[in-house]
Amino acid sequence: MSKNNELVDDLVAKLKRRQLVGSSTVSQATLKLLIVVISRSNWTTANQLLTLVKSVGQRLIQANPTELAVGNIIRRVLHVIREEFREADSNASSHRNKSTESSHPTSLTTSSSMYNLLGETGSTVNDNVQYPSSLRSNIIQEIREIKDELENIYDNIKNQALLQIHSNEIIMTIGRSKTVEEFLKMAAAKRKFQVLVAETAPSYSGQEMALELSKAGIETTVIPDSAVFAVMSRVNKVILGTHAVLANGGLVAISGTHMMAAAAKHHSIPVVVCTGLYKLSPLYPYDEDSFNVIFNPDSVLGFEEGDLVEKVTVTNPYYDYVSPDFVNLFITNQGGHPPSYLYRLIVENYDPNDHTFDL
Amino acid sequence: MSKEFDIVAYYKTLLVESPELSMPVAAIKSLVELIKQSQATTMSEFMISIKDASQKLKSSVRNSISLSAGCDLFLRFVTRNSLDVADFETWKASLISRGKSFVEKADACRYKIAEVGEPFIKDGSVVLIHAHSRVVSLLLQKAAASHKRFKVFVTESSQTQGGIRSAKVLRAAGIPTTIILDAAVGYVIDKVDMVLVGAEGVVENGGLINQIGSYQMAIVAKAANKPFYAVAESYKFVRLFPLNQYDLPTYNADTLSFQELNVDYDAKTSEDAAGIPSKSLTGSAATKTLSATASPSVASSQTALHMKTSEDQTLQGSNPLVDYTPPNYITLLFTDLGVLTPSGVSDELIKLYL
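All of these numbers come straight from a predicted model, not from anything done at the bench. (Residues numbered from 1 in each chain as written. Chains lettered and ligands numbered in written order. Predicted model: local features only at pLDDT ≥ 70, side-chain atom pairs only at ≥ 80, totals over all residues.)

**Some thoughts on the overall build of chain A**
Logical step 1: Helix and strand content of chain A: 15 helices and 10 strands.
Logical step 2: Relative to its 359 residues, chain A shows a buried fraction of 38%.
Logical step 3: Long-range pairs, those at least 24 residues apart, make up 78% of the contacts in chain A between residues at least 6 apart in sequence. (Helix = DSSP H or I, 4+ residues; strand = E, 2+ residues; numbered from the N terminus. Buried ≥ 20, exposed ≤ 12 C-beta atoms within 10 Å, placed from the backbone. Contact = placed C-beta atoms within 7 Å.)

Pasting the structure below:
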């Protein structure tokens, strides 16, 4: 157990120091840690295991609450655990009384629904059942599948590129997103199109993005952020990456995204968001700034400008909240979905009991 | 028992005895009572009696939407369970116990909704609510109890005076509340951070049926880019798919008809002066000055929503009690199943009725 704690402490420290950043790396690290914790610790009942995973999850989330992917991965794992125990439970009970009691179809009891108001309350996980020894390996196996999914996430997303991008189109994007980069490169293998990248001040990650794209032979133009609206009328499609997707379909994406999406809406240009499902969070934006981070303002106004620094307040918010009505389509590793469909993906991937981690 | 059980009378006494009870819960309670007293010996006789009773209930009140949601939910539960009946009597007993536990759970629903909706109320914000809704009041009370400072505008909703009731409840909870005219929604919308309404029913496409005035509030909120949240218990989800305002079951030929075209206006003004209520007043629309001078029957037509004398009904008959808000105006729904987007509602209904 103490060894587990060490590993958890290590990841917590890395998250706190922001040595680990970016949804993809963070979620892979979280998953790796969970596999170790689950396979090494002693647990016999579902509740023990759920509490164990939740307590690790709580610490990781507190370490950096804006990395929503950590929470998403933990919820996925919790969901897998619940499913496996439920399956083991129903196997055990069907062995005991095969003929007497017809069990309800699982779809009715698995999640809370209107039917529960009158029917039985959802089957609570029973603690007194002897579980088969294969359960542990089954759970680990399922979690490894999530890991595989994470590793292959770009493949599934970029395979849809040719459906979205057509010849001679002009695409606009902002910031540096690995997902969007892979997506555009895939399309470039077969089609010829032009990409406009907003430079994305003050991090200038758009410039890096443009460099990567031009290396892949895509005709790329960097434009200043202030020119986004001006050139929008010539654009065919806006393709965005995102840091997180919230339950209502809103985005937490690099600052400047809201402006670009608003300009696109003004010109009725479709906005497509490329994202892995691990970025989809069941949380709602209670407050527009609740998932934002204020970064070091040095890049906006450096100390060289000594006179000015004293007289003005400089803030450098890293993210934008983009409300769902600015987005037309999400391209995920499970296909394309409109924002109104995201609730369905949340129901499929997470258990409603896990939306908040109350122990 | 020789006398036939009168479900309508039972339902109405339930509502009078406990005003905190909402209509669908009272409907299910009445149906459970019917099962208790039922003399039916065969399955089909039993099913027919339940169906008849719920039909009777639905036709007994003018505004039957939330009531029929409760009836349909219970009927659905009965038919679904009727497939695996081993023993009729024990099955009946289990239905009764389930119905009872539903009534208990129904109360818990409201607390669950208050819990999921409370984080949406921001500290220092201003909330606009409409008329009176128990669950909206509870949500706001909970937010106030967790030390959030916010202010509330409530529309008076002249038909039922529900806004005044809301204001009393909220002020008692220490929330600064101002009553505004129904016509002043557009005037205050710029000062408001969010709009919160209750529901009579939530329809299949995620739209909302609620006290008259909700629709125009939603339109104003949309125009001003303010979030419009609806709060509803999941037993208020109904299987209706209205396409417009006149598609609701509460709509009839009398609603907003132009009867007064045939009336001699000169004669009418003299009638008014004499204090005899005339068609032109049509109940709710009566202004304050008018109701002060008008006959008592006009004034009383403004108070009770559900139980009215027949004379009042003919007076008010032409004004609708509820309206339909299409789903594209609704930001989110707070329900006991969690926070749903309007499209999530149809999913829940399909789960139940498929």
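**Description of the overall build of chain B**
Logical step 1: In terms of helices and strands, chain B carries 14 helices and 10 strands.
Logical step 2: Taken across its 354 residues, chain B has 42% of its residues classed as buried.
Logical step 3: Contacts in chain B between residues far apart in sequence, at least 24 positions, make up 73% of those at least 6 positions apart.

**Digging into the sheet that holds strand β5 (residues 201-202) of chain B**
Residue and element names in this part refer to chain B.
Logical step 1: Strand order in the open sheet made by the 3 strands is β5-β6-β8, with antiparallel pairing throughout. The open sheet is flanked by β5 and β8 (322-325), the only strands paired with a single partner.
Logical step 2: Two strands pair when backbone bridges link them, and β5 and strand β6 (residues 208-211) are joined in this way by 2 bridges, in the antiparallel orientation. Within the sheet, the bridge partner assigned to Val202 lies in β6 and is Leu208. (Pairing = 2+ DSSP bridges.)

**Here we look at the interface of chain A and chain B**
Logical step 1: Listed as interface residues are 15 residues of chain A and, on the opposing side, 24 residues of chain B.
Logical step 2: Residue assignment for the side of chain A that touches chain B shows that the elements contributing at least two residues are α6 (115-118) and α15 (342-349) of chain A.
Logical step 3: Tallying contributions element by element places α6 of chain A first for the side of chain A that touches chain B, with 3 residues.

**As for the pairing of β6 of chain B**
All names here are of chain B.
Logical step 1: In this structure, the hairpin formed by β5 and β6 is closed by a connection of 5 residues, where Gly206 is found at a positive phi of approximately 90 degrees.
Logical step 2: Of the strand pairs in this sheet, β6 and β8 are connected by 4 bridges, and their pairing is antiparallel. Within β8, the residue paired with Asn210 across the bridge is Asp323.

**Things to note about the confidence of the model for chain A**
Logical step 1: Confidence in the prediction for chain A averages 86 pLDDT; 88% of positions are at 70 or higher.
Logical step 2: Taken together, the stretch residues 98-111 of chain A has pLDDT below 50 and engages in 11 contacts with residues farther than four places along the chain or on a different chain. (pLDDT = per-residue confidence, 0-100.)

**Focus: the environment of Ser234 of chain B**
Logical step 1: Here Ser234 of chain B is to be found in the loop between β7 (228-231) and α10 (265-273).
Logical step 2: For the pair Ser234 of chain B and Leu337 of chain B, spaced 103 residues apart in the sequence, the C-alpha separation amounts to 7.0 Å.

**A closer look at the packing of helix α2 (residues 23-37) of chain B against helix α5 (residues 88-117) of chain B**
All names here are of chain B.
Logical step 1: Between α2 and α5, the least distance of the axes is 10 Å, while the angle of their chain directions is 160 degrees. The orientation of α2 relative to α5 falls into the category roughly antiparallel. The chirality of how α2 crosses α5 is left-handed. Where α2 abuts α5, its residues Val25, Ile28, Lys29, Val32, Ile35 and Lys36 lie against Lys92, Leu95, Ile96, Gly99, Lys100, Phe102, Val103 and Ala106. (Axes fitted to C-alpha atoms, helices over the stretch in contact; angles between N-to-C directions. Parallel < 35°, antiparallel > 145°, perpendicular 65-115°, else oblique. Left-handed = near helix turned anticlockwise from the far one by under 90°.)

**A word on the sheet that holds strand β2 (residues 151-155) of chain B**
Residues and elements named next belong to chain B.
Logical step 1: With mixed pairing, 7 strands are arranged side by side in an open sheet as β3-β2-β1-β4-β7-β9-β10. On the outer flanks of this sheet lie β3 (177-180) and β10 (338-340), each paired with one strand and no other. Averaged over all adjacent pairs, the angle separating strand axes in this sheet is 25 degrees, with direction ignored.
Logical step 2: The pairing of strand β4 (residues 194-197) with β7 spans 3 bridges and is classified as parallel. Bridge assignment links Val197 to a residue of β7, and that residue is Ala230.
Logical step 3: Across the sheet, helix α6 (residues 134-145) lies against β1 (126-130), β2, β4 and β7, angled at about 110 degrees from β7, the strand it touches most.

**With respect to the domain arrangement of chain A**
Residue and element names in this part refer to chain A.
Logical step 1: Taken domain by domain, chain A consists of domain 1 (2-151) and domain 2 (154-352).
Logical step 2: Taken together, the contact between domain 1 and domain 2 spans 18 residues of the former and 17 residues of the latter.
Logical step 3: For the side of domain 1 that touches domain 2, the secondary structure elements donating two or more residues are α2 (23-40), α4 (68-96) and α7 (134-151).
Logical step 4: At 10 residues, the largest contribution of residues to the side of domain 1 that touches domain 2 is made by α4. (Domains from an automatic or database assignment.)

**Some thoughts on unusual backbone geometry**
Logical step 1: Ala201 of chain A connects to Pro202 of chain A through a cis peptide bond whose omega is 0 degrees.
Logical step 2: Tracing the backbone shows Pro202 of chain A in the loop between β2 (194-198) and α11 (205-215).
Logical step 3: The backbone phi angle of His147 of chain B is positive, close to 65 degrees, even though this residue is not glycine.
Logical step 4: Since 7 C-beta atoms lie within 10 Å of it, His147 of chain B is described here as exposed.
Logical step 5: Phi angles above zero are rare outside glycine, and Gln161 of chain B is one such case at about 60 degrees.

**A short note on α2 of chain B**
Residue and element names in this part refer to chain B.
Logical step 1: With 15 residues, α2 extends 21 Å from end C-alpha to end C-alpha; this agrees with the ideal 21 Å at 1.5 Å per step.
Logical step 2: Of all the 15 residues making up α2, 11 are buried; the element is thus mostly covered by neighbouring parts of the structure.
Logical step 3: All of the buried residues along α2 are Met23, Pro24, Val25, Ala26, Ala27, Ile28, Lys29, Ser30, Leu31, Leu34 and Ile35.
Logical step 4: The secondary structure elements touched by the buried residues of α2 are α1 (7-17), α3 (43-60), α4 (65-81) and α5. (Expected span 1.5 Å × (residues − 1).)

**Some details on the packing of α2 of chain B against α3 of chain B**
Residue and element names in this part refer to chain B.
Logical step 1: Close contact between α2 and α3 brings their axes to 11 Å; oriented N to C, the two are set at 145 degrees. Handedness of the α2/α3 crossing: right-handed. On α3, the residues that touch Ala27, Ser30, Leu31 and Leu34 of α2 are Ile50, Ala53, Ser54 and Leu57.
Logical step 2: Residue classes in the contact of α2 with α3 are distributed as 6 nonpolar, 2 polar and no charged. (Nonpolar A, V, L, I, M, F, W, Y, C, P; charged D, E, K, R; others polar.)

**A look at the environment of Ile96 of chain B**
All names here are of chain B.
Logical step 1: Take Ile96: it is sitting in helix α5.
Logical step 2: In the structure, Ile96 is positioned 61 residues away from Ile35 in sequence and 7.1 Å away in space, judged by C-alpha atoms.
Logical step 3: If we skip the residues at most four places from it in the chain, Ile96 touches Val32, Ile35 and Lys36.

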